[in-house]
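Structure at a glance
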Amino acid sequence: MKKNLPTVVATIALTVSACGGSVSTAPSGGQSASLSITIGTDPIASGTSVQASATMTDASGKTSPAVNVTWSSSDPTIAHVDASGLITGRLAGPATIIATSSGVTGQKSVTVKPGDPANVSIYLGDNQIGNRGSAVTDPLCVWVKDAAGNVIPGVVATYVVATGGGTLGVPTAPSTDNRGVAISGYWTLGSVAGQQTVVATVAGAGSVTFKATAQ
């Protein structure tokens, strides 16, 4: 009598078992080698460099330094990596560092944050016109960036009346906001007709001069 396939397979399995054997299912894939990346500092400040290293773990779990590693970055404009694994932060943002050794690839996410202040410029409030003894319409605002052009929050700008004898309302030493902008209190012009000035200074970035004309 003809048996269907499941019955035949079951019969064979029972026969093998009765003879002292065993039946097992091999895994679809065994454990393979892996590569991990270690980075000393994260986030990385723009304009600074950190060394990355790669470690290979074989199928048995043994680790060793990866050799002949090829390095790359998902976005070199954010995090550039050279042939030795040295990562340099550029524009602020996230990127992925990729390393390949002996056909095995590993990845590591990194974040670049703004670096130290390198540039300060006038954002708003220059060249205003007002009456002597009265406040001008707009506050005085400076824009602070690092060497790569990233805006920097949390940096103090100090505003001082330089000429004209006017006064500044608080704050006179505001911190930059998330746009990298520091906003002073309102500028009340002095009693002298003509041009008056306020100087804003950011440590490490320099100074800018605001001008106003008192009528």
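Residues numbered from 1 in each chain as written. Predicted model: local features only at pLDDT ≥ 70, side-chain atom pairs only at ≥ 80, totals over all residues. Heavy atoms only, no water.

What follows deals with the sheet that holds strand β9 (residues 104-113). One open sheet accounts for four strands, arranged β2-β9-β8-β5; its pairing is mixed. Each edge of the open sheet is held by one strand with a lone partner, namely β2 (44-45) and β5 (70-73). (Pairing = 2+ DSSP bridges. Helix = DSSP H or I, 4+ residues; strand = E, 2+ residues; numbered from the N terminus.)

Assignment of secondary structure puts glycine 169 in the loop between β14 (167-168) and β15 (181-183). Remark: the alpha-carbon pair of glycine 169 and tyrosine 186, spanning 17 residues in sequence, is separated by 5.2 Å. With residues up to four places along the chain from it excluded, the contact list for glycine 169 reads Gly185 and Tyr186. (Contact = heavy atoms within 4.5 Å.)

Pairs can form between side chains of opposite charge once their charged atoms are near each other. Going through the model one piece at a time under the given rule, you end up with one salt bridge. When the shortest N-O distance is used, the salt bridge between aspartate 177 and arginine 179 registers 2.8 Å. Overall, arginine 179 belongs to the partly exposed group, its relative accessible area being 42%. (Salt bridge = Lys/Arg side-chain N within 4 Å of Asp/Glu carboxyl O. Buried < 20%, exposed > 50% of the residue type's maximum accessible area, 1.4 Å probe, protein only.)

Predicted confidence across the protein chain gives a mean pLDDT of 88, with 86% of residues reaching 70 or more. Note on residues 1-30: pLDDT under 50 across the span, and five contacts to partners over four residues away in sequence or across chains. (pLDDT = per-residue confidence, 0-100.)

Relative to the helices and strands, threonine 197 resides in strand β17 (residues 194-202). Look at threonine 197 and you get buried, because its relative accessible area is 10%. Within the structure, the side chain of threonine 197 is placed 2.6 Å from the side chain of threonine 163, a separation counted as a polar contact. (Polar contact = N/O pair within 3.5 Å; in protein donor to acceptor, adjacent residues only side chain to side chain.)

So, about the packing of aromatic side chains. Throughout the structure, instances matching the rule amount to two aromatic pairs. Taken together, a centroid distance of 5.5 Å and an interplanar angle of 70° make the contact between tyrosine 123 and tryptophan 143 edge-to-face. A residue pair is termed long-range when its members are at least 10 positions apart, and tyrosine 123 in strand β10 (residues 119-124) and tryptophan 143 in strand β12 (residues 141-145) qualify at 20 residues. A relative accessible area of 39% means that tyrosine 123 is categorised as partly exposed. An angle of 35° between the planes, with centres 6.1 Å apart, marks the rings of tyrosine 159 and phenylalanine 210 as tilted. Note that tyrosine 159 is positioned in strand β13 (residues 158-163) and phenylalanine 210 in strand β18 (residues 206-214), a separation of 51 residues in sequence. (Phe/Tyr/Trp six-rings, centres within 6.5 Å; stacked < 30°, edge-to-face > 60°.)

Sheet strands associate in pairs through backbone hydrogen bonding, adopting either a parallel or an antiparallel arrangement. Spatial strand order, β10-β12-β15: three strands in an open sheet with antiparallel pairing. Each having just a single partner strand, β10 and β15 make up the two edges of the open sheet. For this sheet the average axis-to-axis angle between neighbouring strands, irrespective of direction, equals 30°. The pairing of β12 with β15 spans three bridges and is classified as antiparallel. In the sheet register, valine 142 faces β15, and the bridge partner there is alanine 182. (Axes fitted to C-alpha atoms, helices over the stretch in contact; angles between N-to-C directions.)

It is worth spelling out the pairing of β17 at this point. Sheet topology note: the β13/β17 ladder contains five bridges and is antiparallel. Looking at the pairing, threonine 163 lines up with threonine 197 of β17.

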